[in-house]
Structures are given as C-alpha cells and as structure tokens.
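# Notes for the structure review
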Amino acid sequence: MTTQHTIAIAELDGADTALAFDAMRELRPHLTDVDEFVELVRAQRREGYRIAASFDADGRVVAVAGFRHVTNLYAGPHLYVDDLSTLPSARRQGHGAALLRWVDEEARRQGCAGVHLDSGTPRHDAHRLYLASGFVIPAFHFAKSL
C-alpha cells in the first residue's frame, strides 16, 4: 500500500519569508544570501508581492510561488506569477500544480480576470506544467538591458 501526502499550501508572511529561500534559489541562483533575499522580498512586498509555499510531509517548504496583483490595459486585473520554483527532490510530486491551483483560487477571490506568467525559453518541464494547467502562449516577451 502506498501512502500519498496531501499537499499543504500556505501563504508566507513577512516573518516566514526565509523559509522560501532554498526553493526560490532553484529558479534564482544569483540569490546567495538569505538575509539579502528577505530584504529583496520585503521591498517587493511593498509593491504587492506575495509568496505561497508548498510543504512536504515533514513540513519543509519545497516549492514556492511569488506573485502580485496587476491591472493593465491588455489583461485587466490579474495575478502575475513572478516566480514558481520547486526543489529538485520534490519535482514531479504535484507541488507546482498545487501552487498554480492555489494562485487560480486566489485570483478568483480577488475578482481577477486571469493569471499570467513568463517563463524562460529553455524551461521545457515548466512549460509542460503550465500548458497542462490551462495556460496558453498568447505572446512573446521582449526585454532590453540598458
């Protein structure tokens, strides 16, 4: 008999931000100092950034979604997922999909028209997850360094 762990999702508040560090570093490896990470998130929180976390059976944060409420002309009010990351040891266990469902529900609670995100072109596993979760690819994202 196989026992499956029910995935627990909870939003992290300011005091719990450091719990997201290890999972977030998988996506953002340039973040090397937990205190600097907490300060960056604190600055983003002032702009509406929030973090939801997925926990393993031992209560450790193994996946995170960083997101914010955005309103713009092309999409109206929506939640934008800035960061979605899972520790390698927890991948393919449903944590990313559970976080995306949680974000969908939060968007509905806030009366949003949808959920948006960008994803790096080489992240094929992530793209499969997004497409399986109902996302479509409506545009290309362009960026320019100055």
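Below you will find a few notes about this structure. (Residues numbered from 1 in each chain as written. Predicted model: local features only at pLDDT ≥ 70, side-chain atom pairs only at ≥ 80, totals over all residues. Heavy atoms only, no water.)

Let us look at the overall build of the chain. The helix and strand tally for the chain stands at four helices and five strands. Counting from the amino terminus, the chain carries its helices and strands in the arrangement β-α-α-β-β-β-α-β-α. Against the compact-globule benchmark of 15 Å for 146 residues, the chain has a radius of gyration of 15 Å, which places it among compact chains. Based on the C-alpha atoms only, the size of the chain along its principal axes is roughly 50 × 35 × 30 Å. Counting over 146 residues, the chain shows a buried share of 38%. Considering only intrachain contacts with a sequence separation of at least 6, the fraction spanning at least 24 residues in the chain is 55%. Taken as a whole, the chain presents about 9,300 Å² of accessible surface, with 53% of it coming from carbon and sulfur. (Helix = DSSP H or I, 4+ residues; strand = E, 2+ residues; numbered from the N terminus. Rg over C-alpha atoms; globule rule 2.2 N^0.38 Å. Buried < 20%, exposed > 50% of the residue type's maximum accessible area, 1.4 Å probe, protein only. Contact = heavy atoms within 4.5 Å. Areas by Shrake-Rupley, 256 points an atom, 1.4 Å probe, with all protein chains shown as cover.)

Counting buried positions along strand S4 (residues 76-86) yields nine of eleven residues, so the element is predominantly enclosed. Here strand S3 (residues 61-72) pairs with S4 via ten bridges, running antiparallel. When the bridges of S4 are listed, Arg68 appears paired with Tyr80. What sits between S3 and S4 in their antiparallel hairpin is a turn of three residues. (Pairing = 2+ DSSP bridges.)

Attention now goes to the pattern of salt bridges. The final tally for this structure, using the stated rule, is eleven salt bridges. Two residues, Glu106 and Arg50, come together in a salt bridge whose shortest N-O distance is 2.9 Å. Highlighted residues: Glu106 in helix H3 (residues 95-109) and Arg50 in strand S2 (residues 50-55), separated in sequence by 56 residues. The two residues Glu106 and Arg50 agree in class, both being buried. Taken together, the salt bridges that share partners define one network made up of Glu11, Arg50, Glu106 and Arg109. (Salt bridge = Lys/Arg side-chain N within 4 Å of Asp/Glu carboxyl O.)

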